[in-house]
Amino acid sequence: MNIEARLVDALEARIVPRRSDVLRVCLVVPQSGALGMVGPSALDAALLATHEINVADGVGGRYVDLVLVDGGRAPVDVAAEVRALCDAGAVDVVTGIHTSDVHRAVESVVAGRSPYVFTPPHEGGPRRTGVVCTGAHPASQLSGPLAWLTATYSLRRWALVGNDYIWPQAVHRVAHRLVRRGGAEVVMDERIPLGRVTPAHAGRIVEGLRRSRADAVLLSLVGRDLADFTAVLRHSGLDRTLVRLSGSLEENGLYAVGGDESGTMFAAMQSFASLGDENRLGLDERHRALFGETAPVLDAYAEGVYDGVHLVASLAAEGLLRPDLAPSDVLRLTRGAGRGRTTHLARADGTDFTVVSTA
């Protein structure tokens, strides 16, 4: 089957005039860096959504193109490339999944100039004009899972281990409050710069976990950093006794760590491939039909990107894709499409997840 979706190089988009019947979507997804492992899945999801829009006659007859920007680089570099695309009038809207420090840098250059839909879990707080987040903020993502785990396993001593940038910082602030609410205490709070999880550094933190006598750890490390830390924790043997919760672990990350058979590794996300509801089964079926059986699994980040591309197409169809894009318009459309901010808590079972609670 031919894919009815064009992936345009960012330089080409800036210098080659485009046709008037094309809607250009700037897709910022990681192709490198700590989150690079989720890039192929996110790109597949964006291409699938674009294909579905284009075979259905586009957006009011306008063909949708994707302009790919590698969101895995330093925030200043990603923002500079997005700014150049906006300056050239080469894109109509920005969307994608990337870390929150990249997100805030991109926000600073597009606010009030181009609508921007950011789809993964985010740090919360206000946004500038035309910038809308569709993912969960820390309180909505973690309150149910933390409470369920604390009560189910009689947890009393939580440790917090994450990267040191905007999203994990916000997660840790919220976690302190949620842990206290559950009658437990935070006995350790450690953050590591993004991309700096070395075996030596991870080993020191693992020893700190042992000394703290923590019975649970909230992991707000992302991508490759989470995988590398998990490998060190597994080697120490603590993975068999510590209840672990992550707000960033998905199927591709679970594959990267070789799965988990301990029964104590949990993830809190808005979607899992194993959910098996009608919408999820249909999405996976269409993905395999277009990209083949060996395509990467569409994880929660990818599903967010898929929804994000369809959302911007719906906004464009209704004449709402403006630099002053309103969150209320996005909320109306996402609710109308049956998409909410439900968080599922799932336990890692080998290389798959089993949902144990939904909030």
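- Per an unreviewed UniProt entry, the protein goes by the name ABC transporter substrate-binding protein and belongs to Nocardioides jiangsuensis.
- Recorded in UniProt for the protein, the comment headed Sequence similarities (unreviewed entry) runs: "Belongs to the leucine-binding protein family."

Points about the pairing of strand β13 (residues 352–358)
Here's step 1: As paired elements, strand β12 (residues 344–349) and β13 share six bridges and run antiparallel to each other. When the sheet's bridge partners are listed, arginine 347 is paired in β13 with threonine 354.
Here's step 2: The turn linking β12 back onto β13 is made up of two residues, and glycine 350 within it adopts a positive phi angle of 70 degrees.

Here's the deal with the nonpolar core
Here's step 1: Membership of the largest hydrophobic core comes to 93 residues, with the highest contact counts inside it found for Trp158, Leu209, Phe229 and Leu245.
Here's step 2: No other element matches helix α11 (residues 300–317), which puts 10 residues into this core.
Here's step 3: The contacts of leucine 209, once residues within four sequence positions are left out, are Ala159, Val161, Met188, Ala214, Val217, Phe229, Leu233, Leu238 and Leu242.

Some details on the environment of glycine 282
Here's step 1: Its place among the elements puts glycine 282 in helix α10 (residues 278–291).
Here's step 2: Taking relative accessible area as the criterion, glycine 282 reaches 19% and is therefore assigned buried.
Here's step 3: With 194 residues separating them in the primary sequence, glycine 282 and alanine 88 have C-alpha atoms 38 Å apart.

Details of the pairing of strand β3 (residues 63–70)
Here's step 1: Across the eight residues of β3, seven count as buried, placing the element largely inside the fold.
Here's step 2: By the bridge criterion, four bridges tie strand β1 (residues 6–9) to β3 in an arrangement that is parallel. Across the sheet, the residue bridging to leucine 7 is leucine 66, located in β3.
Here's step 3: Of the strand pairs in this sheet, strand β2 (residues 22–29) and β3 are connected by eight bridges, and their pairing is parallel. Bridge pairing in β3 places leucine 27 opposite leucine 68.
Here's step 4: Crossover β2 to β3 through helix α2 (residues 39–55) is right-handed.

About the thresholds
Residues numbered from 1 in each chain as written. Predicted model: local features only at pLDDT ≥ 70, side-chain atom pairs only at ≥ 80, totals over all residues. Heavy atoms only, no water. UniProt positions renumbered as here; feature names shortened; annotations may be inferred. Pairing = 2+ DSSP bridges. Helix = DSSP H or I, 4+ residues; strand = E, 2+ residues; numbered from the N terminus. Core = buried A, V, L, I, M, F, W, Y, C linked by side-chain atoms within 4.5 Å. Buried < 20%, exposed > 50% of the residue type's maximum accessible area, 1.4 Å probe, protein only. Contact = heavy atoms within 4.5 Å. Right-handed = clockwise from strand over helix to strand, strands pointing away.

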